[in-house]
Amino acid sequence: MKYCIPLLCMALLLCGCSTHTADTTQVHKMAMKRFETMINTADHDLARELVADDAPFYTPASPAPLYGGEGYVSVVDWMRQAFPDVQWKLEDMVAEGNTVAVRWTLSGTHKGEFLGMPATGRRFSTSVMNFYFFNDEGKIINDIAVEGMIGILRGIGMLDK
């Protein structure tokens, strides 16, 4: 009986059912905290560190997918043209395996043209949700956004509430 617990621990380690999964999810969560810094500062070096070069991102900013950290920062730059003070605040995060779900509060002031609408000076704040997928090297390889555009458009007065 005294060998059962060590053998069970060894079996869990060998099958991948150990704290490795918990450690991996913690690493991904820490990466998301750094990702928050990256998108709020448009840090190109951090973007290249956190996002795989071949990761495709789909956005209203481009008819074709954008790739890698540079592609992601280009979306941030696009947003800053219309909302120079745009900020993403990480509110909640859940991680399992190589996937992290994040609820963001996105806010900014409409000071430049956005999707053809001239600046209104109106401030918006809306919740958005994204799912991030990581590769085995710990880099983001995809992100799926639950559409937050409606919150932005309502906030700046493009849509009736």
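Everything numeric here is computed off the predicted structure, so don't read it as measured data.

Concerning the confidence of the model for the protein
And step 1. This prediction gives the protein a mean pLDDT of 84; 82% of its residues lie at or above 70.
And step 2. Residue range residues 1–20 is modelled with pLDDT below 50. Its contacts to residues more than four positions away, or to other chains, number 4 contacts.

Re a nonpolar patch on the surface
And step 1. Together, Leu115, Met158 and Leu159 give the surface a local cluster of nonpolar side chains, amounting to about 240 Å² of exposed area.
And step 2. Residue position: Leu159 is located in the segment after helix H5 (149–155).
And step 3. The class of Leu159 is partly exposed, set by a relative accessible area of 36%.

Observations concerning the packing of aromatic side chains
And step 1. Summed over the entire model, instances satisfying the criterion amount to 7 aromatic pairs.
And step 2. Chaining the aromatic ring pairs together yields one cluster made of Phe35, Phe57, Tyr72, Trp104 and Tyr132.

Quick word on the sheet that holds strand E6 (residues 140–146)
And step 1. Taken in spatial order, the 4 strands of this open sheet run E3-E4-E5-E6, and their pairing is antiparallel. Where the open sheet ends on each side, the last strands, each with one partner, are strand E3 (87–96) and E6. Going across the sheet, the axis of each strand differs from the next one's by a mean of 25 degrees, ignoring polarity.
And step 2. The sheet contact formed by strand E5 (residues 123–134) and E6 spans 6 bridges and is antiparallel. Residue pairing for E6: Phe131 is matched across the bridge by Ile144.

Details of the pairing of strand E4 (residues 99–109)
And step 1. Of all 11 residues in E4, 9 are buried, a share of seventy percent or more.
And step 2. As judged from the 9 bridges shared by E3 and E4, these two strands associate in the antiparallel manner. Looking at the pairing, Glu96 lines up with Thr99 of E4.
And step 3. Here E3 folds back onto E4 in antiparallel fashion, the turn holding 2 residues, of which Gly97 has a positive phi close to 60 degrees.
And step 4. Bridge count between E4 and E5: 11 bridges; the pairing is antiparallel. Following the sheet pairing, Ser107 is matched in E5 by Ser125.

Some points on the nonpolar core
And step 1. Of all hydrophobic cores here, the largest spans 38 residues; its most connected members are Met32, Phe35 and Trp104.
And step 2. For this core, the elements supplying multiple residues, two or more each, are helix H2 (19–41), helix H3 (44–50), helix H4 (68–82), E3, E4, E5 and H5.
And step 3. Of the residues forming this core, the biggest block, 6 residues, is contributed by H4.

A short note on the pattern of salt bridges
And step 1. Applying the stated criterion across every chain, the model contains 6 salt bridges.
And step 2. Residues Glu49 and Arg34 are paired through a salt bridge, measuring 2.7 Å at the closest nitrogen-oxygen approach. Placement of Glu49 in helix H3 and of Arg34 in helix H2 is noted, with a sequence separation of 15 residues between them.
And step 3. By relative accessible area, Arg34 is classed as partly exposed at 34%.
And step 4. The residue Asp85 makes a salt bridge to Arg123 at a minimum N-O spacing of 3.2 Å.

Points about the side chain of Ser107
And step 1. Tracing the sequence through the fold places Ser107 in strand E4.
And step 2. Beyond its immediate chain neighbours, meaning those up to four positions away, Ser107 contacts Asp85, Val86, Gln87, Arg123, Phe124 and Ser125.

With respect to H4
And step 1. For H4, with 15 residues, the first-to-last C-alpha span of 23 Å sits near the 21 Å given by 1.5 Å per residue.
And step 2. Residues Gly68, Gly69, Gly71, Tyr72, Val73, Val75, Val76, Trp78, Met79 and Ala82 constitute the buried set of H4.

Parameters and conventions
- Residues numbered from 1 in each chain as written.
- Predicted model: local features only at pLDDT ≥ 70, side-chain atom pairs only at ≥ 80, totals over all residues.
- Heavy atoms only, no water.
- pLDDT = per-residue confidence, 0-100.
- Contact = heavy atoms within 4.5 Å.
- Patch = residues over 30% accessible without salt bridge, like charges linked within 9 Å, V, L, I, M, F, W, Y side chains within 5 Å.
- Areas by Shrake-Rupley, 256 points an atom, 1.4 Å probe, with all protein chains shown as cover.
- Salt bridge = Lys/Arg side-chain N within 4 Å of Asp/Glu carboxyl O.
- Helix = DSSP H or I, 4+ residues; strand = E, 2+ residues; numbered from the N terminus.
- Buried < 20%, exposed > 50% of the residue type's maximum accessible area, 1.4 Å probe, protein only.
- Phe/Tyr/Trp six-rings, centres within 6.5 Å; stacked < 30°, edge-to-face > 60°.
- Pairing = 2+ DSSP bridges.
- Axes fitted to C-alpha atoms, helices over the stretch in contact; angles between N-to-C directions.
- Core = buried A, V, L, I, M, F, W, Y, C linked by side-chain atoms within 4.5 Å.
- Expected span 1.5 Å × (residues − 1).

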